[in-house]
Each structure stands twice: as structure tokens, then as C-alpha cells.
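An overview of the molecular structure
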Amino acid sequence: MQLSDFDYDLPEELIAQHPVPVRDQSRLLVLDRAAGTIAHRRFYDLPSYLVPGDTLVFNDTRVIPARLVGTKADTGGKVEIFLLNRLTEDTWETLVKPGRKLRPGAAVRFGDEMSGEILSVTDFGGRVVRFVFSGIFEEVLDRLGETPLPPYIHEK
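What comes next is a walk through the structure. (Residues numbered from 1 in each chain as written. Predicted model: local features only at pLDDT ≥ 70, side-chain atom pairs only at ≥ 80, totals over all residues. Heavy atoms only, no water.)

What follows is about the side chain of T122. On the secondary structure map, T122 appears in the loop between β7 (114-121) and β8 (127-133). A relative accessible area of 13% means that T122 is categorised as buried. A distance of 2.7 Å separates the side chain of T122 from the backbone nitrogen of G126, its partner in a polar contact. Those residues in contact with T122 that sit more than four places away from it in its chain are E93, R127 and V128. (Helix = DSSP H or I, 4+ residues; strand = E, 2+ residues; numbered from the N terminus. Buried < 20%, exposed > 50% of the residue type's maximum accessible area, 1.4 Å probe, protein only. Polar contact = N/O pair within 3.5 Å; in protein donor to acceptor, adjacent residues only side chain to side chain. Contact = heavy atoms within 4.5 Å.)

Printed below as a string of C-alpha cells:
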């Protein structure tokens, strides 16, 4: 299997840029494996496709505003930090840009509300960052962070 096996043409005008106002109006693609057919329906039609014994899995995860844009304390250069995994109350495993310029000991500022210090480099090239802030981290993050979106979504 090659990664290219998953390539397909999806015209830009068919990519939704925002959710539908009434969520059950979302599109639902139904594949009948036995018949080999595809049907285009709406999410409110889902119950008609369920049979006893089926399992529904609900994804109720919340996407956090995990992308932080700041500046290097010593040079003022632009820095992006993407939060991956919380290690402690104030320490996160992250991805950083530009990686080569953010070595252990480097300080990053995110306005007046928060700063961070690069503690170490991870096995995969990320960074462990300790953040300094006042208050509750999630509230500061809601104000300073950006929700990560795939590159094909252009609207916030």
C-alpha cells in the first residue's frame, strides 16, 4: 500500500467552510457494502440505517485552541507553538516552528499574559515547554490560542 493510493480529486468548492446551522442537516454518505451502492442522505436519516446490535460511538472531544503564536524574548522573531500533550499543570509536549531556533533555554512571549521556556527536545523533534501565566491555563489559552484547522479550511 502506498500513500498515493489515498490521493483523490476533491474540488475546492465542495469543501464545507463552516458547519450547517442545524446540525442534523449535515450530509451523510451511506455505503451499502452488500449491494455496492452509495447513497447521499442527511444525518437525521441515520436511525433508519441502524439495526439491533449496532454500536454507535460518540466523539464528544473538544478541540482546544492549541496553536500559540508568540515571539522569541531575545530577538522578537515570530514563533509558533502547537500543544500536543499536557505533562504537568504548566508543562506541555509541543511542536514548534522554527524548530532549530528554539533550543533548550529559549524564552517565548505570548503578549503580556503568558511566556514559555523550552526545557528539552523530544525524541521526535518536538519540544517540552514550561509555561508561566497567571490564573487558569485553559482560560489564558482560550484568549491567546487559535483552534488548529486543516489547510483546506480557509474560514475561522
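Moving on, there is more to tell.
Turning our eyes to something else, we now look at the pattern of salt bridges. Applying the stated criterion across every chain, the model contains 9 salt bridges. Its salt-bridge partner being R67, residue E146 comes within 2.2 Å of it at the nearest N-O pair. Of this pair, E146 sits in the segment after α1 (137-144) while R67 is found in strand β3 (residues 67-72), placing the two residues 79 residues apart along the sequence. Residue classification places R67 among the partly exposed residues on the basis of a relative accessible area of 23%. In this structure, the salt-bridge partner of E89 is R86, at a minimum N-O distance of 3.6 Å. If you follow the salt bridges from partner to partner, you end up with R67, K78, E80 and E146 in one network. (Salt bridge = Lys/Arg side-chain N within 4 Å of Asp/Glu carboxyl O.)

Once that is clear, we can look at the packing of aromatic side chains. Under the definition given, this model contains 4 aromatic pairs. With 6.1 Å between their ring centres and 45 degrees between their planes, F110 and F131 make a pair best called tilted. Pair noted here: F110 is in strand β6 (residues 107-110) and F131 is in strand β8, with a separation of 21 residues, a long-range link. With respect to class, F110 is no different from F131; both count as buried. Among the aromatic residues, those joined into a ring-pair cluster are W92, F110, F131, F133 and F137. (Phe/Tyr/Trp six-rings, centres within 6.5 Å; stacked < 30°, edge-to-face > 60°.)

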